[in-house]
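# Overview (structure and organization)
The primary structure of each chain is shown beneath.
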Amino acid sequence: MCIMSSKTQPVITYAGDTQLFSTLESATVQGLPQETVEWKRSYGRPPRAVTLSASFQPFKIDNDGFKELSKGLKKLSGAEVLHTYWVECQDIDTYKANVRESIQTWFTQIKQVECSDWLIILVENSDSKKSKQILPRTTVLDKIKNDFGGKTTERCIAVVDPVKGETKSSESWQTFLFRLRQALMAAFSRTLTKFEETVRTQRERRNELNWNFCNYFLLQEELAFAFEMLGLYDEALVQYDELDALFTQFVLNSAVGDAPDWLLAFQATPNNWSGVCLNPKAPFNTELRQKIQNHTMSVIDFRNYLFARQSALLLISSKPAEVARRCLSYVQSYMYELKLLNVSTVDGAIPTWILLTCLQVLSTCQSHVGATGNQSMESFALLWNMAKDKLYELGRKCGLLPGASVGSAELHCVVTLSSGITDYGDDSAVRPTPVDKLKEALSSSQAFTKHYLELSELAMGTFKHCGRLRSARLIGRDLSRFYLQLGQPQKSVSFLLDLLRGYQEEDWPLLRIDTHIELAEVFQKIGDRVRFIEASANIAAYPALNADTRMKYFSHLLQSAQDEFRSINCSSMMDLVDIRIHFDTSLEEPCSVLCDSIVRAEVEVVNHFPGPVKCSEVTITVKAVKNANDESKQSKAAGKKSVADKSLDSKAIEKPGVLAAKAKTSSSDYIPIKEQLHLKQDGSLSSVALVCPSAQQLLGRKVSHGLLPTELSVIKEEYTHKLSVKDVNIVPGVNRLTLQMKADHAGTYVLSQFVACSQRLEFIQSVNCPKVSITVVEVMPSVTVIKTRDDLLAGTDQEVELVIRTGSTAFQNEKTLRLCSSRGLMINLPKTDSLFQRELDLVLPPMAAFETVSYPLKIRADLGFTASKEATFVEHKLSVHCPWLSKTPPLLDLPLNVYAPFTVQYKLHTAYTKKFVNIHVQGLTPSSRAFEFQNPNVLLPDATYKNPALSKLEWRNLNGSSQTLKISQDQPANYLWELCGAPAQYDLPLLKAEFSVDYRLVGTSDWKLFSFNFDIADYATLFTVRSRVEPVKGNDFLRAGSLCHMTLTVSDVLQQASSAALMYEVLADQALWAVCGRTAGVFSMEGSSKHSVTLDVMPLVCGFLPLPAVRLSRYIPAEQKPKETNRKADLAAATLPRLEPFGAGQVYNWSKAQQVHVLAAPSNNGPTSFDTSTS
């Protein structure tokens, strides 16, 4: 991007065989910049990888460039930095005869110039190396190194001719290019260091009288060209930044002291204000540099050229955002320099120059990649805004604004400005160029309006894109004023409303009210009376305005209120600052009142209007709160239908019964958030997230247009009740009002909106008190049963108390309550002759609210559940028919838990062939509530004796004849009877017996009869079992660990031969006995009344051991021919043998509970004799 790229490259001279060099020149020039080379810089600066290129020129002895450089030549471009000598020689003889003398002459000449860096390149032919002759000891290259190399033999290079295209020649050529790059870099670095010293020397002379900034600028720009040629664009940019800072410092110094002579040339009046041209190849920039060389430039020409060079380097480095950012400071500093230098310009020239510069920078930067970041967009937005402002300034000077008149002065201004605008001479520019757009905008008022609106929209959209809404709204304010000048006030409304919304969000009261005044004027022009009312209300209520303005708009408000109906948000006009509600402190619920009572609230309203407002009605709307707990609360026995506010702040209660509401936060400000747990596959917690279930409803795009901002518009909400007062005159300042309502429905209510109605206006304000609630409590009539003493017991008369509470409802007439008891429960009124029954009617007299009446009742529950071991109580219900209940049927179930006083159990005992019936009575009451029993008896039905086999049955009473037993939970009772006369036979019929006894509660006089039915089965003894354990032969005693015999004898008591098979099982305690062999067996009693079995057992411990238990069962063998069946499972079951146990009274064990004495195992001292005994 260098302006003089063909002359900025360093020069390499060539000598020797010029025809040979001409064949290799193009390959050398193209090969040099193919690879980078490391540049090791001086003064401790870090090394850089650069791309180096050069141009070749023939060596001339009169080339005294570096001699002049030593004298201070202000030019680095095209300097000769390296000298080369090209030679092609195949043998040493030729070298000695001709070549050496030519090299010596050249070598002598280069020592006479300032730059003495050199290279000798020997081009060899690959064919010469293929000769069959013996290789000489010394080559031509060796002779050159010996003759001229000295200590720098690396400056003598041999290269194979690359024209041949062989592999070896290619490698040789790449090596040659590498060494040439290194030599060129070293030579150029030394030259550049010398040039930097020259630049530094010139800068230090800046205070001398003959010093000129233009010459110095061109000198240091040569250094920037060199860095740009090397690809170090940041280093080149540093040079221009230093020149910029140096010139700025001279300008600032000239304002406080004498200006140097060279600075006077910059004070020339500029005749061209076309702006900066960012195309470095354009003829416009070349002309500017020529002006600097000729010292004929103005400050605007110098600044244009300097900024163009800086922008070119930044664009090469892909930094378009930096170009836009620098343009802002560049324009501001230029305007300041014009003021300091007292440069006279044509009226409108500076705005024209700024406008064209901004448009040119925007056009160029936006066409580059990487110009879409937020930082770059912010710079672009500022440039668009600056261009818009300067175009508006030009329109005002040229008479192009809407409604302006165009005279000769305005036309002369347009012609003058157009004469100083050129098109840069850049044919590659995209049409229309910024110059074309400006000329079109200055051509007519319509074209000016078109371009101004276009620039405004671009600036506004860019500001919004980068998040600067405040700047975008300020542009909208300018647009609204421009539309007013155009006579299109309806288009300015949206911009002003958006601006007002921003001022409201950021709380700028003065700016907000100014915008309200502008809106009011616009609404009045377009005839929008509804929104004119709102704007007038906001203006009239603002205290910082003067009284005349406020009264003017207040009168507009009152006049418009007679014609238009409108709801206005009055938070800034009539502010509701305090609410005090009087509650009923006698109720348990906090913040509650009784149903059908009057609720009073004292409110404090501040009127910000300059005059009084006559209101036909002032209300505070009340909304019912639907709570999920309401239904569950209604079902409680207390009958309360309301729910208290659990979030009530106790600090807000100033005195009992009065609640003050001054909260300013709205419940709508809270966002619903739910917790979401993310689990791993093993069930452990992975992460926790907070999600909003209604994000789509809450989040939405925030647009910049709309009908009204949120503060101006308000919606009147629906309500169910209201606190109100009529015909109130609200004066300016503080007003205290008393509002009231009738609480006719139970529930929880919250205050919603404050509404003041004046003529056809409604001033509405949301009551921002989420913690204030009114709980209207309706206490329903209730019926409860109260026990007079401890738990209710079945089988005895108990007294309870039926309590009726009227609650908040008064009974004007008599009401009838019907009581219905559940099955097994009887009720009766005490002190009456009526019998116990399941239904009873009670007549309630007229009763006042919160009155209580009690009725004693007697209840009696059956004892039928006492035979169960598990059921110790039964839940009875007393249903009350309540005429005040709204449900159908109007029944209220009252639970009554009745407990059993005792339980009765039956058991059959056997003593050989005798049978005994045991009745066990277990008390369940404490000793303080014990029961007495007498006259127990057991009877069989008369039908039992009609059976001939059972005709001789009789009961033998083994209890005391007149004994009375006291039974409690600590003292049970047992009754025993012997069943006599039972026949000795199989398959006796079942006996159904009834046990009866007289009982009473201790302390009472009335005896009651209790009966208990039970069944007697298997009451005939069929078999007896007798067991004995004896030592084996040779032992006289039973010893632990010694084998012994156990003999089982089964006898048939009935002496009736039976073919049924029996199975015995020996159930021994494994800790005491070890059974050797089988523990079970099957035998048959057919043909014999007795059967004996001998088993081998071994006692494991010594002492008195109980005999092993023996169990006898019927053995039913498998059927040989099972019955036909369709199911395989039944067929398999029929073929398997099974056991059938005997009843408890059919087998009698003579040896039950017997023990044998087992001695310890014998010791070494010999056995000790003991007698074997049984017990």
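Now for a description of the structure that goes with this document. Along each chain, residue indices are assigned from 1 in the same order as the chain's sequence is written. Selection of residues for local features in this predicted model requires a pLDDT of at least 70, selection of side-chain atom pairs for listing and counting requires 80 or more, and totals for whole chains, interfaces and linings are taken over all residues. Only hydrogens and water are set aside; all other atoms, that is, all heavy atoms of the structure, feed into the side-chain values.

### Digging into the overall build of the protein
Elements are defined by DSSP. Helices are runs of H or I of four residues or more, strands are runs of E of two residues or more, and each kind is numbered from the N terminus. Broken down by element type, the protein carries 25 helices and 49 strands. A simple rule labels every residue: compare its accessible area, found with a 1.4 Å probe on the protein chains alone, to the largest value its type can have, and call it buried under 20%, exposed over 50%, or partly exposed in between. A buried classification covers 45% of the 1175 residues belonging to the protein. In the protein, 72% of the contacts between residues at least 6 apart in sequence involve partners at least 24 apart. Put simply, the protein shows about 60,700 Å² of open surface, and 50% of that area lies on carbon and sulfur atoms. Contact between two residues is taken to exist if any of their heavy atoms lie within 4.5 Å; hydrogens are not considered. Surface accessibility in these figures is a Shrake-Rupley result with a 1.4 Å probe; residues are shielded only by whichever protein chains are displayed.

### Remarks on helix α1 (residues 18-31)
Residue count minus one, scaled by 1.5 Å, sets the expected span of a helix. In this model, α1 (14 residues) spans 19 Å end to end at C-alpha, consistent with the 20 Å of a helix rising 1.5 Å per residue. Here the bend at a residue is taken as the angle between two axes, fitted respectively to the seven residues that end there and the seven that start there. Taking the largest bend as the criterion, α1 deviates by roughly 45°, centred on Leu-24. Among the residues making up α1, those that are buried are Leu-20, Phe-21, Leu-24, Thr-28 and Gly-31. N-cap assignment for α1: the residue whose side-chain oxygen lies 3.4 Å from the backbone N of Gln-19 is Asp-17. Polar contacts, as counted here, are pairs of nitrogen or oxygen atoms within 3.5 Å of one another; within protein the pair requires one atom able to donate a hydrogen and one able to accept it, and residues that are adjacent in sequence qualify only if both atoms are side-chain atoms.

### Let's talk about unusual backbone geometry
Phi angles above zero are rare outside glycine, and Asn-935 is one such case at about 55°. Position of Asn-935 relative to the elements: it lies in strand β33 (residues 931-939). Residue classification places Asn-935 among the partly exposed positions, given a relative accessible area of 41%.

### Section: the packing of helix α12 (residues 349-365) against helix α15 (residues 434-441)
Relative placement of two packed helices is described by the angle separating their axes and the distance separating the axes. Convention adopted: a line fitted to C-alpha atoms gives each axis, helices being fitted over their contacting stretch, and angles between N-to-C directions are expressed from 0 to 180 degrees. In the contact formed by α12 and α15, the axes pass within 9 Å of each other and the chain directions differ by 135°. Between α12 and α15, the interaxial angle falls into the category oblique. By crossing handedness, the relation of α12 to α15 is classed as right-handed. Mapping the contact onto sequence places Thr-352, Leu-355, Leu-356, Leu-359 and Gln-360 in α12 and Pro-434, Val-435 and Leu-438 in α15. Residues are grouped as follows: Ala, Val, Leu, Ile, Met, Phe, Trp, Tyr, Cys and Pro are nonpolar; Asp, Glu, Lys and Arg are charged; all remaining types, including Gly, are polar. Here the residues of the contact of α12 with α15 sort into 6 nonpolar, 2 polar and no charged. Any angle that is under 35 degrees is reported as roughly parallel, and any over 145 degrees as roughly antiparallel; angles of 65 to 115 degrees are reported as roughly perpendicular and all others as oblique. Two helices that cross are described as forming a left-handed crossing if the nearer one is turned anticlockwise from the farther one by less than a right angle, and a right-handed crossing if clockwise.

### Considerations on the side chain of Ser-724
Along the chain, the position of Ser-724 falls in strand β17 (residues 721-730). Residue classification places Ser-724 among the buried residues on the basis of a relative accessible area of 18%. Ignoring anything within four residues of it in the chain, the contact list for Ser-724 reads Glu-617, Val-618, Thr-619, Leu-739 and Gln-740.

### Examining the sheet that holds strand β42 (residues 1073-1076)
If DSSP finds at least two bridges between two strands, the strands pair. Judged by pairing direction, the sheet is mixed, and its 5 strands sit side by side in the order β42-β44-β40-β39-β48 without closing on themselves. Each having just a single partner strand, β42 and β48 (1147-1149) make up the two edges of the open sheet. Within the sheet, the average angular offset between the axes of one strand and its neighbour, ignoring direction, is 30°. The sheet contact formed by strand β40 (residues 1044-1052) and strand β44 (residues 1090-1099) spans 8 bridges and is antiparallel.

### Considering the pairing of strand β1 (residues 11-16)
It is a general feature of regular strands that their side chains alternate between the two faces of the sheet. Most of β1 is tucked away, with 5 of its 6 residues classed as buried. With 6 bridges joining them, β1 and strand β5 (residues 80-87) adopt parallel strand pairing. Each bridged residue has a counterpart across the sheet, and for Val-11 the counterpart in β5 is Glu-80. Inspection of the sheet shows β1 paired to strand β4 (residues 55-58) by 4 bridges, in the parallel sense. By the bridge assignment, Thr-13 is partnered in β4 with Gln-57.

### Considerations on the packing of helix α17 (residues 469-486) against helix α18 (residues 493-506)
The contact between α17 and α18 brings their axes to 8 Å, and the two run at 145°. As for the relative orientation of α17 and α18, their crossing is left-handed in sense. In contact with Arg-470, Arg-473, Leu-474, Gly-476, Arg-477, Leu-479, Ser-480 and Tyr-483 of α17, α18 contributes Phe-495, Leu-496, Asp-498, Leu-499, Gly-502, Tyr-503, Glu-505 and Glu-506. Here the residues of the contact of α17 with α18 sort into 7 nonpolar, 3 polar and 6 charged.

### A word on the sheet that holds strand β43 (residues 1080-1084)
Spatial strand order, β43-β41-β46-β47: 4 strands in an open sheet with antiparallel pairing. Edge strands, defined here as strands with exactly one partner in the open sheet, are β43 and β47 (1138-1141). Geometrically, the sheet is characterised by an average inter-axis angle of 40° between neighbouring strands, direction not taken into account. As judged from the 4 bridges shared by strand β46 (residues 1109-1116) and β47, these two strands associate in the antiparallel manner. Bridge pairing in β47 places Ser-1113 opposite Pro-1141.

### Quick word on the pairing of strand β31 (residues 902-911)
In this structure, β31 lies alongside strand β32 (residues 914-923), joined through 10 bridges in antiparallel fashion. By the bridge assignment for β32, His-909 is matched with Phe-916. Counted along the chain from β31 to the antiparallel partner β32, the turn is 2 residues long, and its residue Tyr-912 has a positive phi close to 60°.

### Regarding the nonpolar core
The nonpolar core is taken to be a set of buried Ala, Val, Leu, Ile, Met, Phe, Trp, Tyr and Cys residues, with the residues joined through side-chain atoms within 4.5 Å. If you look at the biggest cluster of nonpolar residues, it comprises 135 residues, and the most contacted ones within it are Phe-176, Phe-213, Phe-217, Phe-247, Phe-266, Phe-302 and Val-361. Not counting the four nearest positions on each side in its chain, Phe-266 is found in contact with Phe-213, Cys-214, Phe-247, Met-297, Ser-298, Val-299, Phe-302 and Val-343.

### A look at helix α9 (residues 283-294)
Between its terminal C-alpha atoms α9 stretches 16 Å, which fits the 16 Å expected from 12 residues at 1.5 Å a residue. Contact partners of the buried residues in α9: α6 (213-229) and α10 (299-316). Positive backbone phi, approximately 60°, marks His-295, located one or two places after α9.

### Brief notes about the side chain of Arg-929
For Arg-929, the location among the structural elements is in the loop between β32 and β33. Its relative accessible area of 6% is what places Arg-929 among the buried residues. Arg-929 has contacts with Arg-789, Asp-790, Asp-791, Leu-793, Gln-798 and Leu-1001, leaving out every residue within four places of it along the chain.

### Quick notes on a nonpolar patch on the surface
A patch consists of residues whose relative accessible area exceeds 30% and which take part in no salt bridge; residues with like charges are grouped when within 9 Å of each other, and nonpolar side chains (Val, Leu, Ile, Met, Phe, Trp, Tyr) when within 5 Å. Any Lys or Arg side-chain nitrogen found within 4 Å of a carboxyl oxygen on Asp or Glu counts as a salt bridge. Together, Leu-677, Leu-679, Leu-685 and Val-688 line one region of the surface with nonpolar side chains, adding up to about 390 Å² of accessible area. Assignment of secondary structure puts Leu-685 in strand β16 (residues 685-691).

### Things to note about the environment of Asp-578
Within the element layout of this structure, Asp-578 appears in strand β9 (residues 574-582). Given the relative accessible area of 6%, Asp-578 is considered buried. When the C-alpha atoms of Asp-578 and Val-606 are compared, they prove to be 9.7 Å apart, with 28 residues separating the residues in sequence. Side-chain polar atoms of Asp-578 contact the side chain of Arg-580, separated by 3.1 Å.

### Quick notes on the environment of Gly-807
Note that Gly-807 resides in the loop between β24 (798-805) and β25 (815-821). The exposure class assigned to Gly-807 is buried, which follows from its relative accessible area of 5%. If near-sequence neighbours (up to four positions away) are discounted, Gly-807 is found in contact with Val-779, Met-780, Pro-781, Ala-849 and Phe-850.

### Some remarks on the packing of aromatic side chains
Classification of ring pairs rests on two measures: the distance between centres of Phe, Tyr or Trp rings, Trp counted by its six-membered ring, which must be within 6.5 Å, and the angle between planes, read as stacked under 30 degrees, edge-to-face over 60 and tilted in between. Evaluated as defined, the whole model comprises 50 aromatic pairs. Relative to Trp-86, the ring of Phe-21 lies with its centre 5.1 Å away and its plane at 55°, an arrangement referred to as tilted. Taken as a pair, Phe-21 in helix α1 and Trp-86 in strand β5 lie far apart in primary sequence, 65 residues in all. We note that Phe-21, like Trp-86, is buried. A ring pair is formed by Tyr-912 and Trp-1150, whose centres lie 5.0 Å apart and whose planes are at 45°; its orientation type is tilted. You can see Tyr-912 sitting in the loop between β31 and β32 and its partner Trp-1150 sitting in the loop between β48 and β49 (1155-1158), a full 238 residues away along the chain. We classify Trp-1150 as partly exposed; its relative accessible area is 31%. Each member of the aromatic cluster is reached from another via a ring pair, and the members are Trp-211, Phe-213, Tyr-216, Phe-217, Phe-247, Phe-250, Trp-262, Phe-266, Phe-302 and Tyr-305. A positively charged side chain is recorded as over a ring if its NZ (Lys) or CZ (Arg) lies within 6 Å of the ring centre. The angle to the ring normal must also be within 35 degrees. For Arg-155, the ring lying beneath its charged end belongs to Trp-118, and the centroid distance is 5.7 Å.

### Points about the pattern of salt bridges
All chains considered together, the criterion is met by 42 salt bridges. A salt bridge links Lys-397 to Asp-347; the nearest nitrogen and oxygen atoms lie 3.1 Å apart. Remark: Asp-347 occurs in the loop between α11 (320-341) and α12 and Lys-397 occurs in helix α13 (residues 374-397); sequence separation between them is 50 residues. Lys-397 sits in the partly exposed class, given a relative accessible area of 26%. Asp-578 is the partner of Arg-580 in a salt bridge, and the nearest nitrogen-oxygen pair spans 3.1 Å. A relative accessible area of 22% places Arg-580 in the partly exposed class.

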